Amino acid sequence: MEIAIQTLPEQQRKPLFTDSSSLGFGRIFTDHMFTMRYHPEKGWHEPKIEPYRALEFEPATIVFHYGQEIFEGTKAFVGEDGQVRLFRTDRNIARMNRSAERMCMPRVPEDVTLQAIEELVRVDRRWIPKERGTSLYIRPTMIGTDPFLGVRASDTYLFFVILSPVGAYYAEGFNPVSLLVDKRFTRAATGGTGEAKAGGNYGGSLLAGRIAAEKGCAQVLWLDAKEHRWVEEVGAMNIWFAFGNKLVTPPLTGTILPGVTRESLVELAPKLGYEVEQRQVAIDEVLSGIKSGEITEVFGSGTAAVVSPVGKIVTEEETVVINDNKVGPVSQHLFDELTGIQMGAKPDPFGWVRMLDK
Ligand code: COI
C-alpha cells in the first residue's frame, strides 16, 4: 500500500515546546497524523499522513455508544548520536492485532502499520525531545465508525496514529508514587477484556482512580475479581515486587495487560543479575513482605510509565511505606538500563531497537 503524504507548509507548523523537562504526558500533539480506513469490501485503504486535525463523525457512530475502540502506546527516542530509535513497536502492533480480535475489529497489516509509524515519525521528527526520560509517544488507535445504534461490531473502521512529545507519565516524575487498594472495585474478570488494550478498560477504572486521587494516590493497585486477593496490575502499568535480587511479577492469566515493557524486563533483568519469577502474589503477602523488609522495592513497568517506583501502598486499614518512599537501587538500575537501550547509550543485545534511518 502506498502511503500518501500531505504535509503542512512550514509557516503553518506549530511552535515547538520550549522546555522538555516540563512536558508531562499527553498534552501536546505534533503537526501530523496518520489515518487509514477499513471497509469490508475494500479492506484497509486510503493510508495517508496528513495535518493533525479534528475528526468528524455522526453522533450515531458505534464507537460513541458501545466503545468499540482499541489503542496502543509505543515510543520513539533520539539518542546523543542524533539517531532516532523506535522501541519494539512491532510488539505493540502485534498486541494491537490481538486486541482487535478480542473486540471484533479487523487486524491491521503489520508491515504497512510499522511503515506508516516510521514515516509519520520521520515527518514530525523535530518533535522528539532529547533529554533522558523524554520521548515521542506514539498512539495508534482504531475505532468502529458505522453510524448504527444496534449492538454489533462495526463494518467500517478508522485507524489513526497521533504523536505526543512526553516526559514522565506521573506528576511525581521518577519519584515514587502511592497506590490505592480498594476491594470494592475490579478492573477485569476472567473472560472479559482485561488483556486487550481496549478503551473501555480504562473508562471503567476512572471512579476508583478518582477515589485514589482523593486519597493522595496516583493509581489503583488492582486485585483479581473473584477473591480480591491476588495482585494484578496498575492500569497504566504492570507491577513488580523486588525480594532483594528476586523480581516477582504476576503471571499473564488473561485479566492483565501483557505489557511490552513487562516482557522486556522479563528478558533484560536476568542479564543484569536478577532472578525473575512470574507467579501469583497475594496482597497480604505484599503488605507483610514490605513490613518485614522481605520486599525491598515495588515498581511498575509500562511504555508510558517506563519503570516507576512505588513508595506507598494504601489500603482501608493501613498505609505501608516502601524503601522510605525513596527511589530504590533496583528501580533505578532497571530504569537506567532500559532507557539506555532505548536512547542508544547502551548496547541492544536483544535487537529491540529499530533505527529510523537505516
Ligand atoms: C502506555 O503505557 O502506553 C499506556 O497506554 C498506559 C496508559 C497511558 C493508558
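About the thresholds
Residues numbered from 1 in each chain as written. Predicted model: local features only at pLDDT ≥ 70, side-chain atom pairs only at ≥ 80, totals over all residues. Heavy atoms only, no water. 1 Å grid on protein atoms, 1.4 Å probe; cavity = no way out; pocket = protein on both sides within 12 Å on 5 of 7 lines; lining within 4 Å. Points joined across faces, edges and corners; volume = space filled by probe spheres on them. Helix = DSSP H or I, 4+ residues; strand = E, 2+ residues; numbered from the N terminus. Nonpolar A, V, L, I, M, F, W, Y, C, P; charged D, E, K, R; others polar. Domains from an automatic or database assignment. Pairing = 2+ DSSP bridges. Expected span 1.5 Å × (residues − 1). Buried < 20%, exposed > 50% of the residue type's maximum accessible area, 1.4 Å probe, protein only. Contact = heavy atoms within 4.5 Å. Near = heavy atom within 4 Å. Polar contact = N/O pair within 3.5 Å; in protein donor to acceptor, adjacent residues only side chain to side chain. Areas by Shrake-Rupley, 256 points an atom, 1.4 Å probe, with all protein chains shown as cover. Sits in = over half its atoms within 2 Å of the grid points.

Chemist: Would you mind showing me how to read empty space enclosed by the protein here?
Modeler: In this approach the atoms are scanned with a rolling probe the size of a water molecule, which exposes any empty space left behind. Applying the stated criterion across every chain, the model contains three cavities of 30 Å³ or more. Taken as a whole, the largest cavity spans an internal volume of roughly 100 Å³. What lines the largest cavity is a set of 13 residues, and nearest its centre among them are Lys75, Phe87, Thr261, Thr303 and Gln342. Elements with a minimum of two residues in the lining of the largest cavity: β5 (74-78), α6 (260-271) and α8 (329-343). The greatest single-element share of the lining of the largest cavity, amounting to three residues, is contributed by β5. Here the residues of the lining of the largest cavity sort into five nonpolar, seven polar and one charged. Both of domain 1 (4-166) and domain 2 (177-343) provide at least three residues apiece to the lining of the largest cavity. Estimated volume of the second largest cavity: approximately 70 Å³. Lining the second largest cavity, in full, are Lys75, Phe77, Gly133, Thr134, Ser135, Val166, Gly167, Val306, Phe335, Thr339, Gln342 and Met343.

Chemist: Help me out: how do you make sense of the pairing of strand β2 (residues 32-39) in this one?
Modeler: Regular strands have side chains that alternate between both faces of the sheet. Strand direction decides the pairing type here: β2 and strand β3 (residues 43-51), joined by seven bridges, are antiparallel. If you follow Arg37 over to β3, its bridge partner there is His45. Between β2 and β3, which pair antiparallel and follow one another directly, the connecting turn spans three residues. Across five bridges, β2 lies against strand β8 (residues 157-166) in antiparallel orientation. Looking at β8, one finds that Tyr38 is bridged to Tyr157.

Chemist: Teacher, can you tell me more about the layout of surface pockets here?
Modeler: Counted as a void, the largest pocket has a volume near 560 Å³. For the largest pocket, the lining is made up of 31 residues, of which Tyr169, Tyr202, Gln219, Gly235 and Ala236 are closest to its centre. Residue assignment for the lining of the largest pocket shows that the elements contributing at least two residues are β7 (135-144), α5 (206-214), β10 (219-220), α6 and β14 (297-302). Among the elements that take part in the lining of the largest pocket, α5 stands out by supplying three residues, more than any other. Grouping the constituent residues of the lining of the largest pocket by class yields 15 nonpolar, eleven polar and five charged. Split by domain, the lining of the largest pocket shows at least three residues from each of two domains, domain 1 (4-166) and domain 2 (177-343). Of the pockets and cavities examined, the second largest pocket occupies roughly 280 Å³. Taken together, 20 residues form the lining of the second largest pocket, with Gly133, Gly167, Ala168, Gly173 and Phe174 sitting closest to its centre. In terms of residue count, the dominant contributor to the lining of the second largest pocket is strand β15 (residues 306-314) (three residues). Here the lining of the second largest pocket gathers at least three residues from each of two domains, domain 1 (4-166) and domain 2 (177-343).

Chemist: Would you mind going over helix α3 (residues 110-123) with me for this structure?
Modeler: The periodicity of an α-helix, 3.6 residues per turn, causes residues three or four positions apart to be oriented the same way. Taking 1.5 Å per residue, 14 residues should reach 20 Å; α3 reaches 20 Å between its end C-alpha atoms and fits that length. By the burial criterion, the buried members of α3 are Val112, Thr113, Leu114, Ala116, Ile117, Glu118, Leu120, Val121 and Val123.

Chemist: Is there a simple way to explain the side chain of Arg88 in this structure?
Modeler: Position of Arg88 relative to the elements: it lies in the loop between β6 (84-87) and α2 (89-102). Looking at Arg88, the relative accessible area reads 7%, which means it is buried. Ignoring anything within four residues of it in the chain, the contact list for Arg88 reads Val260, Glu263, Ser264, Glu267 and Trp352.

Chemist: Which parts of the structure should I look at to understand unusual backbone geometry?
Modeler: What you tend to see is this: most non-glycine residues have negative phi, and most peptide bonds are trans. Its identity as a non-glycine residue notwithstanding, Glu46 has a phi of 50°, on the positive side. Using a relative accessible area of 43% as the deciding quantity, one classes Glu46 as partly exposed. In this structure, Asn323 takes a positive phi of about 45° despite not being glycine.

Chemist: What is the right way to look at the site of the ligand in this model?
Modeler: By nearness alone, every residue bordering the ligand is listed as Phe71, Gly73, Tyr137, Arg139, Tyr169, Lys197, Tyr202, Ala236, Thr303 and Ala304. With respect to the ligand, the backbone of Ala304 contributes an N or O atom lying 2.8 Å from an oxygen atom. Within the complex, the protein chains bury 91% of what would otherwise be the 280 Å² of accessible surface of the ligand. One can see that the ligand is located within the largest pocket. The residue makeup of the shell around the ligand, split by class, is six nonpolar, two polar and two charged. Here the shell around the ligand gathers at least three residues from each of two domains, domain 1 (4-166) and domain 2 (177-343).

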